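Analysis of the macromolecular model
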Amino acid sequence: MPAPGPLGPTAPAPQQPTPSIRPAVSASTEPVTPPAPVSAADVGLRRILGGPTGLGTSSLSLARALKPPAPDPHMAVAPDPAPAPEPDQVPPASSVSASPVSSSEGPVVPGLYHHPVPEPDPARVEEVSRRIKRWAEDEVQLYPEEWEGQFDGFSVGRYMVACHPDAPGIDHLMLATRLMVAENALDDCYCEDHGGSPIGLGGRILLAHTTLDHLHTTPEYAPEWEESLGSDAPRRAYRSAMDYFVRAATPSQSDRYRHDMARLHMGYLAEAAWAQTGYVPEVWEYLAMRQFNNFRPCPTITDTVGGYELPADLHALPKMQRAIALAGNAATIVNDLYSYTKELDSPGLHLNLPVVIARREQLSERDAYLKAVEVHNQLMHAFEAAAAEVAAECPLPSVLRFLRGVATWVDGNHDWHRTNTYRYSLPDFW
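Calculation notes
Residues numbered from 1 in each chain as written. Predicted model: local features only at pLDDT ≥ 70, side-chain atom pairs only at ≥ 80, totals over all residues. Heavy atoms only, no water. Helix = DSSP H or I, 4+ residues; strand = E, 2+ residues; numbered from the N terminus. Buried < 20%, exposed > 50% of the residue type's maximum accessible area, 1.4 Å probe, protein only. Contact = heavy atoms within 4.5 Å. Areas by Shrake-Rupley, 256 points an atom, 1.4 Å probe, with all protein chains shown as cover. Axes fitted to C-alpha atoms, helices over the stretch in contact; angles between N-to-C directions. Parallel < 35°, antiparallel > 145°, perpendicular 65-115°, else oblique. Left-handed = near helix turned anticlockwise from the far one by under 90°. Polar contact = N/O pair within 3.5 Å; in protein donor to acceptor, adjacent residues only side chain to side chain. Salt bridge = Lys/Arg side-chain N within 4 Å of Asp/Glu carboxyl O. Phe/Tyr/Trp six-rings, centres within 6.5 Å; stacked < 30°, edge-to-face > 60°. Lys NZ or Arg CZ within 6 Å of the ring centre and 35° of its normal.

A closer look at the overall build of the protein chain
Each helix and strand in the protein chain was counted, giving 17 helices and zero strands. Going through the 430 residues of the protein chain one by one, you find that 56% of them count as buried. Here the contacts in the protein chain between residues at least 6 apart in sequence split such that 80% fall between residues at least 24 apart. Entry remark: accessible area of the protein chain is about 17,600 Å², with carbon and sulfur atoms responsible for 58%.

So, the packing of helix H4 (residues 156-163) against helix H17 (residues 397-419)
Pairs of packed helices are described in terms of their axes, by the angle between the two and the distance that separates them. For the pair H4 and H17, interaxial distance at closest approach is 7 Å and the crossing angle is 150°. Between H4 and H17, the interaxial angle falls into the category roughly antiparallel. Where H4 crosses over H17, the handedness of that crossing is right-handed. Seen from H4, the contacting residues are Arg158, Tyr159, Ala162 and Cys163; seen from H17, they are Thr408, Trp409, Gly412, Asn413, Asp415, Trp416, His417 and Thr419.

A word on the environment of glutamate 384
Considering the arrangement of structural elements, one finds glutamate 384 in helix H16 (residues 365-393). Residue glutamate 384 is classed as buried on the basis of its relative accessible area, which comes to 8%. C-alpha of glutamate 384 to C-alpha of alanine 407: the two residues are 23 residues apart in sequence and 8.1 Å apart in space. Side-chain polar atoms of glutamate 384 contact the side chain of histidine 115, separated by 2.8 Å.

Observations regarding unusual backbone geometry
In the Ramachandran plot, glutamine 141 falls in the positive-phi region, its phi being about 45° despite a non-glycine side chain. Positionally, glutamine 141 belongs in the loop between helix H2 (122-139) and helix H3 (148-153). Assessed through its relative accessible area of 41%, glutamine 141 is described here as partly exposed. In this structure, glutamine 362 is a non-glycine residue whose phi angle is positive, near 50°. With respect to the helices and strands, the residue glutamine 362 is situated in the loop between helix H15 (353-361) and H16. On the basis of relative accessible area, glutamine 362 is assigned to the exposed category, the value being 65%.

Topic: the pattern of salt bridges
Applying the stated criterion across every chain, the model contains 21 salt bridges. Where lysine 133 meets aspartate 152, a salt bridge forms, and the shortest distance between an N and an O atom there is 3.1 Å. Here aspartate 152 lies in helix H3 and lysine 133 lies in helix H2, a separation of 19 residues in the sequence. Note on lysine 133: relative accessible area 17%, which makes it buried. Salt-bridge contacts for arginine 258 lead to aspartate 255; the nearest nitrogen and oxygen are separated by 4.0 Å. Residue arginine 258 and its partner aspartate 255 are both found in helix H9 (residues 251-277); the two are separated by three residues, about one turn of the helix. When its relative accessible area of 48% is taken as the criterion, aspartate 255 is described as partly exposed. Overlapping salt bridges bring together Glu119, Arg158, Asp415 and Arg418 as one network.

A short note on the packing of aromatic side chains
This model, assessed by the stated rule, comprises 14 aromatic pairs. Both rings, one in phenylalanine 154 and one in tyrosine 159, keep their centres 6.3 Å apart while their planes meet at 55°; by these two values the pair is tilted. An aromatic cluster of at least three residues, connected via ring pairs, comprises Phe154, Tyr159, Phe295, Trp409, Trp416 and Tyr424. Sitting above the plane of the tyrosine 244 ring, arginine 178 keeps its charged end 3.5 Å from the centroid. Above the plane of the ring of tyrosine 244 lies arginine 247, whose end atom (NZ or CZ) is 5.4 Å from the centre.

Quick word on the packing of helix H5 (residues 170-191) against H9
Closest axis-to-axis distance for the H5/H9 pair is 13 Å, and the angle between their directions is 25°. Overall, the two elements H5 and H9 adopt an arrangement that is roughly parallel. Along this stretch, H5 crosses H9, giving a crossing that reads as right-handed. Counted together, Leu179, Glu183, Leu186, Asp187 and Cys191 of H5 and Tyr257, Met261, His265 and Tyr268 of H9 form the full contact between these two elements.

Put into structure tokens, the structure is as follows:
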């Protein structure tokens with residue numbers, strides 16, 4: 001994935017006052033008054049139904065025409081995954097009152113267009129963190145003891161609870177959490193921090209992908225493939241996480257996820273090819289790569305995690321695909337911005353958007369970083385306009401809920417990057 005990086009966690013992040021919000025595209029550092037506390041669902045819905053702002057965009061606003069959609073009685077609720085899960089020990093999000101705006105530690109990138117999120121339910125964070133660590137250690141033997149601190153510092157429990165506040169319970173949250181950890185295990189072990197290399201990456205990734213999209217071969221060779229699925233930590237994690245997911249998802253949801261993971265893996269290979277040849281891409285080429293080496297697999301499972309399904313024909317609509325792509329692109333550039341100093345400290349040239357802009361457009365590090373913030377903001381505005389257009393043309397309950405879920409995931413992803421001070425710190429450009 002856009003690789004948050006070394007494997008990820010469990011411990012909730014410390015709490016401090018909310019940073020100021022800067023809704024404009026510019027890199028101004030003047031603070032504005034934060035909005036009144038609202039639920040994550042309300043934030044996402046208001047953004048989507050409100051549409052874009054500015055001259056000539058009022059026709060895209062649905063806020064005056066539609067109310068938040070009522071639950072669709074025909075939307076299926078995904079069953080809990082087998083083997084028999086532990087009973088949920090905390091109430092579903094719908095029974096929890098709206099939380100105050102997040103007050104956890106971490107500064108916002110100045111000038112970054114974003115939306116604050118409610119503080120993730122601490123009971124859910126604690127339980128997801130406990131279960132994912134037990135899964136990592138006991139079910140898939142994901143990491144050696146010396147990596148435990150990095151796993152905890154990833155704070156994946158807080159991450160997934162913030163991104164999926166409408167999940168019916170812990171078992172649904174765990175679907176996303178296992179997949180997130182498995183994706184980052186592969187990125188770390190095959191591509192980056194823990195022995196990764198661009199050399200031979202294509203072969204490793206292809207074989208790992210067969211844990212998601214199974215090999216169908218002859219009886220003579222099938223046992224060797226089956227044995228290979230447990231040969232390293234990434235494949236063990238992929239296989240287990242996908243087994244849980246397909247038992248809870250519909251066939252079309254599972255196939256959607258496989259397709260998005262193939263996109264992700266293709267992006268990994270493009271970046272690896274550039275690393276091998278020392279090529280610094282043009283900015284547009286880098287953004288093309290990042291549309292594939294991207295968080296997209298995460299928000300596109302928001303309906304499975306929410307216990308319903310966006311039908312395949314609606315998911316495949318070109319305008320829906322554009323909205324999803326823009327959401328993934330914006331979320332991924334957030335990763336570039338917050339991980340910038342971390343990547344500068346790593347050996348060799350690590351491509352991210354500020355670095356590519358600086359090299360290709362002959363800008364200073366500071367000016368390139370500020371331009372990358374502007375690129376992110378333009379992507380966010382484009383996503384919100386595209387989502388509003390889909391909602392206007394197809395205001396079905398499942399469509400509106402899915403768009404709200406994607407928008408909430410984007411917001412939760414930003415909040416995790418902002419608050420994960422164990423991993424990230426901002427450059428001193430202001």
